[in-house]
Amino acid sequence: AKANGRNRYHFYNHRLDNEQSERVELENALFQALRHEEFELHYQPQIEIQSGRIIGVEALIRWQRPGHGMVSPANFIPLAEENGLITEIGSWVLERACAQLQQWQQQGLDLRVSVNLSAPQLDDANFCDKVARCLKRYRLDPSQLELELTESIIMKHVDQTIQLLEQLDKMGVHLSVDDFGTGYSSLSYLKRFPLNKLKIDQSFVREICVDPDDATICRTIISMADNLNLTVIAEGVEDADQLAMLAEFGCHQYQGYFFSRPVPAEQIPDLFDNTEQP
Ligand code: C2E
Ligand code: CA
Ligand code: CA
Ligand code: CA
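Just so we're clear, the structure is a prediction, and the values are computed from it rather than from any experiment.

## Overview of the coordination of the calcium ion (ligand 2)
Then, in step 1: Protein ligation of the calcium ion (ligand 2) involves Glu 58 (OE), Asn 116 (OD1), Glu 148 (OE) and Asp 178 (OD), the donor distances falling in the range 2.1 to 2.3 Å.
Then, in step 2: Mapped onto the sequence, the residues coordinating the calcium ion (ligand 2) show the spacing E-x57-N-x31-E-x29-D.
Then, in step 3: Between the calcium ion (ligand 2) and the calcium ion (ligand 3), both coordinated by Asp 178, there is a metal-metal distance of 4.0 Å. Here Asn 116, found in strand β4 (residues 112–116), pairs with Glu 148, found in strand β5 (residues 145–150); they are 32 residues apart in sequence, far enough to count as distant.

Written out as structure tokens, the structure reads:
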């Protein structure tokens, strides 16, 4: 029995060693990734439901890790948040998205770009300045930039966050609540913070046509947003039936595979042309 126990101990230890070394390797690779320009942004169109037009795009990071193909942000953003790299990555995302927006603007495309934020980025005392400098460098109107925050980011250091968001709001930058409805937080922040948009989380949209509870949740979020003068966008719309139901509820905008997956920047002008009225 003793020997068995020892073997088992060794077995688990090896497995842990493997997991740990894989993690260290991933982390090392992540540290190199910025310098080696392995990140890129893909963009997913956001559609105004009434007109059917693209009014914006969400920037979503992609990591082409050598020897591993495309790594999903779900597999490296949390790690980057833990080790602090997210601040640098986040600055790169902001810069890249603004540069791209300027290029689209020069091609005559009128749209807004949404950028996802992580909590550590807001701890950076220079965050507002970074945003302001970026907008200036690419000669963008601040209202063309939207920053997406989750409820947990908003609720992290309420007093600091309010100040920061008020500064951004004063600059004219748009602010949206990502994954709305999943944050287990009270709704009182909605009236205390200068927000422009709620993004209904895809978990409520997925079964909107088959689960009456999900339909009720979506309908309720939409009517609440309307009454609070907030724009509301549904995420993860994959088919026409979901879109029809959201339209019936009065949802303003949507994004999802039904219209388009996130695509490289070069593909956005074509998608845009297809939705413009002649
Ligand atoms: P998110 O911000 O909630 O982004 C939406 C995710 O849903 C994206 O996954 C998108 O590709 C996916 N999606 C879009 N439409 C559909 C659909 O119709 N059906 C389904 N099933 N999925 C859809 P992605 O690109 O893998 O990103 C995952 C998460 O990683 C994002 O969730 C966001 O939290 C984070 N992320 C991505 N880019 C960045 C970034 O630049 N900075 C930060 N801080 N986080 C990022
Ligand atoms: Ca988002
Ligand atoms: Ca989301
Ligand atoms: Ca999410």
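The rest of the description comes next.
## Some details on the pattern of salt bridges
Then, in step 1: Tallying each qualifying case throughout the model produces eight salt bridges.
Then, in step 2: Between Glu 82 and Arg 23 there is a salt bridge; the shortest N-O distance is 3.0 Å. Here Glu 82 is found in helix α2 (residues 73–83), whereas its partner Arg 23 is found in helix α1 (residues 2–33), with 59 residues between them in sequence.
Then, in step 3: The residue Glu 146 makes a salt bridge to Lys 197 at a minimum N-O spacing of 3.4 Å. In this pair, Glu 146 is assigned in strand β5 and Lys 197 in strand β7 (residues 197–200), connecting sequence segments 51 residues apart. The same class applies to Glu 146 and to Lys 197, which are both buried.
Then, in step 4: Among the ionic contacts, a cluster of salt bridges with common partners joins Glu 58, Glu 148, Lys 199 and Glu 235.

## Let's talk about the packing of helix α5 (residues 127–137) against helix α7 (residues 158–171)
Then, in step 1: Across the interface, α5 lies against α7 with an axial gap of 10 Å and an inter-helix angle of 15°. In terms of orientation, α5 and α7 fall into the roughly parallel class. The chirality of how α5 crosses α7 is right-handed. Where α5 abuts α7, its residues Phe 127, Cys 128, Val 131, Ala 132 and Leu 135 lie against Leu 164, Gln 167, Leu 168 and Met 171.

Reading guide: rules and limits
- Residues numbered from 1 in each chain as written.
- Chains lettered and ligands numbered in written order.
- Predicted model: local features only at pLDDT ≥ 70, side-chain atom pairs only at ≥ 80, totals over all residues.
- Heavy atoms only, no water.
- Donors = N, O, S within 2.8 Å, 3.2 Å for Na, K, Ca; no water.
- Helix = DSSP H or I, 4+ residues; strand = E, 2+ residues; numbered from the N terminus.
- Salt bridge = Lys/Arg side-chain N within 4 Å of Asp/Glu carboxyl O.
- Buried < 20%, exposed > 50% of the residue type's maximum accessible area, 1.4 Å probe, protein only.
- Axes fitted to C-alpha atoms, helices over the stretch in contact; angles between N-to-C directions.
- Parallel < 35°, antiparallel > 145°, perpendicular 65-115°, else oblique.
- Left-handed = near helix turned anticlockwise from the far one by under 90°.
- Contact = heavy atoms within 4.5 Å.

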